[in-house]
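Descriptive analysis of the structure
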Amino acid sequence: MSSTNCIFCKIIAGEIPAKIVHRDNGIMAIEDVNPQAPVHLLVFPERHVANIAEHTFRGSADEIACLMEIAAELGAKNAGGFRLVVNTGADSGQTVDHLHVHVLAGRHMSWPPG
Ligand code: AMP
Ligand code: ZN
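My aim in this report is to walk through the structure given alongside it, one point at a time. (Residues numbered from 1 in each chain as written. Chains lettered and ligands numbered in written order. Predicted model: local features only at pLDDT ≥ 70, side-chain atom pairs only at ≥ 80, totals over all residues. Heavy atoms only, no water.)

Scanning the chain from N- to C-terminus turns up 2 helices and 5 strands. The secondary structure elements of the chain, listed N-terminal to C-terminal, are α-β-β-β-α-β-β. Here the chain has a C-alpha radius of gyration of 14 Å; the compact-globule value for 114 residues is 13 Å, and the two agree. If you line up the chain on its principal axes, its C-alpha atoms span 40 × 25 × 25 Å. Within the chain, buried positions represent 38% of all 114 residues. Look at the contacts in the chain between residues 6 or more apart in sequence, and 53% of them connect residues 24 or more apart. A total of about 7000 Å² of accessible surface is found on the chain, and carbon and sulfur atoms cover 52% of it. (Helix = DSSP H or I, 4+ residues; strand = E, 2+ residues; numbered from the N terminus. Rg over C-alpha atoms; globule rule 2.2 N^0.38 Å. Buried < 20%, exposed > 50% of the residue type's maximum accessible area, 1.4 Å probe, protein only. Contact = heavy atoms within 4.5 Å. Areas by Shrake-Rupley, 256 points an atom, 1.4 Å probe, with all protein chains shown as cover.)

And the structure:
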């Protein structure tokens, strides 16, 4: 089920372009249009879910497992390590209300994040 006016649902539907790096089993990964690291990918389910807090795990735990597995596989291509980020809600900086995992790699990252 897609959501009208959702950027990622439009990418999934092919209505707006994106650099797709993975698509399988209901999970898509694209390059972030505004990269914050040399490698910056976004991994999301093709099913529209606003964020991780809205996700119903009962009956769909496989979806989250698949999402994280793909994110980790893509991140692990970088020898120096990687960071997975799931912004959730306004205070976190979430700007696209379609659950996604950021895969960041290719540079040293500080902690805590800003
Ligand atoms: P968040 O702030 O966690 O919701 O992350 C949303 C991410 O989506 C940001 O890093 C944006 O740069 C990225 N983004 C927004 N629109 C697009 C697009 N059309 N194609 C690729 N990435 C996008
Ligand atoms: Zn969506």
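Further remarks concern the coordination of the zinc ion (ligand 2). Bound to the zinc ion (ligand 2) on the protein side are Cys6 (SG), Cys9 (SG), His48 (ND1) and His98 (ND1), at distances that span 2.1 to 2.3 Å. For the zinc ion (ligand 2), the 4 donor atoms in the first shell make angles of 102 to 116° at the metal, so the coordination geometry reads as tetrahedral. Written as a sequence motif, the donor arrangement for the zinc ion (ligand 2) is C-x2-C-x38-H-x49-H. Separated by 50 residues along the polypeptide, histidine 48 in the loop between strand S3 (39-45) and helix H2 (61-75) and histidine 98 in the loop between strand S4 (82-85) and strand S5 (101-105) bring together distant segments of the chain. Note on histidine 98: relative accessible area 0%, which makes it buried. (Donors = N, O, S within 2.8 Å, 3.2 Å for Na, K, Ca; no water. Tetrahedral: all angles 85-135°; square planar, octahedral: opposite > 155°, others 65-115°.)

Look at H2: 21 Å from first C-alpha to last across 15 residues, which is about the 21 Å you get at 1.5 Å a residue. Taken as a whole, H2 has its buried residues at Glu63, Ile64, Cys66, Leu67, Ile70, Ala71, Leu74 and Gly75. Down the axis of H2, the buried set is contained in an arc of 165°. They therefore lie on one face. Summarising the contacts, the buried residues of H2 are in contact with strand S1 (20-24), strand S2 (27-31), S3, S4 and S5. (Expected span 1.5 Å × (residues − 1). Arc of directions from axis to C-beta.)

Considering all chains together, one arrives at 2 salt bridges under this definition. Linking glutamate 63 and arginine 47 is a salt bridge whose minimum nitrogen-to-oxygen distance equals 2.8 Å. A residue pair is termed long-range when its members are at least 10 positions apart, and glutamate 63 in helix H2 and arginine 47 in the loop between S3 and H2 qualify at 16 residues. A relative accessible area of 17% means that glutamate 63 is categorised as buried. Since its relative accessible area comes to 37%, arginine 47 is described here as partly exposed. (Salt bridge = Lys/Arg side-chain N within 4 Å of Asp/Glu carboxyl O.)

Function-wise, these values are silent; they only describe arrangement.
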